[in-house]
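Close look at the chain arrangement
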Amino acid sequence: NAGVMQNPRHLVRRRGQEARLRCSPMKGHSHVYWYRQLPEEGLKFMVYLQKENIIDESGMPKERFSAEFPKEGPSILRIQQVVRGDSAAYFCASSRGGSNQPQHFGDGTRLSIL
Amino acid sequence: RKEVEQDPGPFNVPEGATVAFNCTYSNSASQSFFWYRQDCRKEPKLLMSVYSSGNEDGRFTAQLNRASQYISLLIRDSKLSDSATYLCVVRAGDSSYKLIFGSGTRLLVRP
């Protein structure tokens, strides 16, 4: 009865490196969402994906950030050339369908940039 | 102006107290409303949905006022385990999948 699985739980990178965050949705879920939570703030929507498709990336920064959800394997959130301001908790959620379906969250990945 | 606004707190109350949190949202087209609970450094977990007629789940009561764009959560008989951050969440009016989170209200229940 595995829930949404995210890894790693903690990730430390130096400025300029790349960060890759992975998310495996709950069994039977084909819709994935990524949210970012800065310290002392609420979660902010980043991107919504279905298998092999990006449905809405309106919350993604225009540069350095990308996301994918391949046919096989987990969803990946990739941040290139990380900067200090990328330090945050990144949460993934999944749902069975898109519209009005409950979203179940993973434990998150805490990204720290040195 | 933030899309979902909450008093950050903290609310520091003794065990057994009744405490109420409020939340306002700016988009009148918002469709669905929720309260989530987030423990320190953990993921948000759905506490309850909020319906127009108001709804209750044990010690928790949620109310929605669409005219005022206002949501509330009442916790009766507070327990130590209720200590957490309570997030007011609105499903965006222009899409049925995007969740808009408030910054949260922190609750500390003391013995």
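Here goes a summary of the coordinates provided. (Residues numbered from 1 in each chain as written. Chains lettered and ligands numbered in written order. Predicted model: local features only at pLDDT ≥ 70, side-chain atom pairs only at ≥ 80, totals over all residues. Heavy atoms only, no water.)

Comments concerning the nonpolar core
Residues B:Phe21, B:Trp35, B:Ile71, B:Leu73, B:Ile75, B:Tyr86 and B:Leu107 are the most contacted members of the largest nonpolar core, which totals 25 residues. Judged by nonpolar contacts, the second largest core, of 23 residues, contains A:Val4, A:Val47, A:Ile79 and A:Val82. (Core = buried A, V, L, I, M, F, W, Y, C linked by side-chain atoms within 4.5 Å. Buried < 20%, exposed > 50% of the residue type's maximum accessible area, 1.4 Å probe, protein only.)

A closer look at the interface of chain A and chain B
Between chain A and chain B, the residue contacts involve 22 residues of the former and 17 residues of the latter. For chain A, the biggest contributors to the area lost against chain B are A:Leu43, A:Asn100 and A:Phe105; these three give 29% of the whole. In this structure, the connection of chain A to chain B is made through one salt bridge. In this structure, the connection of chain A to chain B is made through seven residue pairs in polar contact (both at pLDDT 80 or more). Among the elements of the structure, strand 4 (31–37) and strand 5 (43–50) of chain A are those that each provide at least two residues to the side of chain A that touches chain B. By residue class, the composition of the side of chain A that touches chain B is seven nonpolar, ten polar and five charged. (Contact = heavy atoms within 4.5 Å. Buried area = accessible area lost by both parts, 1.4 Å probe. Salt bridge = Lys/Arg side-chain N within 4 Å of Asp/Glu carboxyl O. Polar contact = N/O pair within 3.5 Å; in protein donor to acceptor, adjacent residues only side chain to side chain. Helix = DSSP H or I, 4+ residues; strand = E, 2+ residues; numbered from the N terminus. Nonpolar A, V, L, I, M, F, W, Y, C, P; charged D, E, K, R; others polar.)

What to know about the sheet that holds strand 7 (residues 65–68) of chain A
All names here are of chain A. One open sheet holds the four strands; their spatial order is 1-3-8-7, and the pairing between them is antiparallel. Bordering the open sheet on either side are strand 1 (5–7) and strand 7, each of which pairs with just one other strand. Here the strands of the sheet are splayed against their neighbours by 15° on average, with no regard to which way each runs. (Pairing = 2+ DSSP bridges. Axes fitted to C-alpha atoms, helices over the stretch in contact; angles between N-to-C directions.)

A few points about the layout of surface pockets
The space that makes up the largest pocket amounts to roughly 790 Å³. Lining the largest pocket are 25 residues, with A:Gln37, A:Glu40, B:Cys40, B:Arg41 and B:Thr85 positioned closest to its centre. Among the secondary structure elements, those contributing two or more residues to the lining of the largest pocket are strand 9 (88–95) and strand 11 (109–113) of chain A together with strand 9 (84–91) and strand 11 (105–110) of chain B. Residue composition of the lining of the largest pocket, grouped by class: eleven nonpolar, eight polar and six charged. Reported here for the second largest pocket is a volume of approximately 230 Å³. Contributions of two or more residues to the lining of the second largest pocket are made by strand 5 of chain A together with strand 10 (99–101) of chain B. Looking at the lining of the second largest pocket residue by residue, the classes come out as six nonpolar, two polar and five charged. (1 Å grid on protein atoms, 1.4 Å probe; cavity = no way out; pocket = protein on both sides within 12 Å on 5 of 7 lines; lining within 4 Å. Points joined across faces, edges and corners; volume = space filled by probe spheres on them.)

Observations regarding the sheet that holds strand 6 (residues 55–57) of chain B
Residue and element names in this part refer to chain B. What the five strands build is an open sheet, ordered 1-3-8-7-6; its pairing is antiparallel. Across the chains shown, the open sheet's two edge strands, defined by having one partner strand only, are strand 1 (4–6) and strand 6. Pairwise comparison of adjacent strand axes, ignoring direction, gives a mean angle of 20° for this sheet. Relative to strand 7 (residues 60–65), strand 6 runs antiparallel, the two sharing three bridges. Following the sheet pairing, Glu56 is matched in strand 7 by Thr61.

Everything listed is a geometric property; what it means functionally is a separate question.
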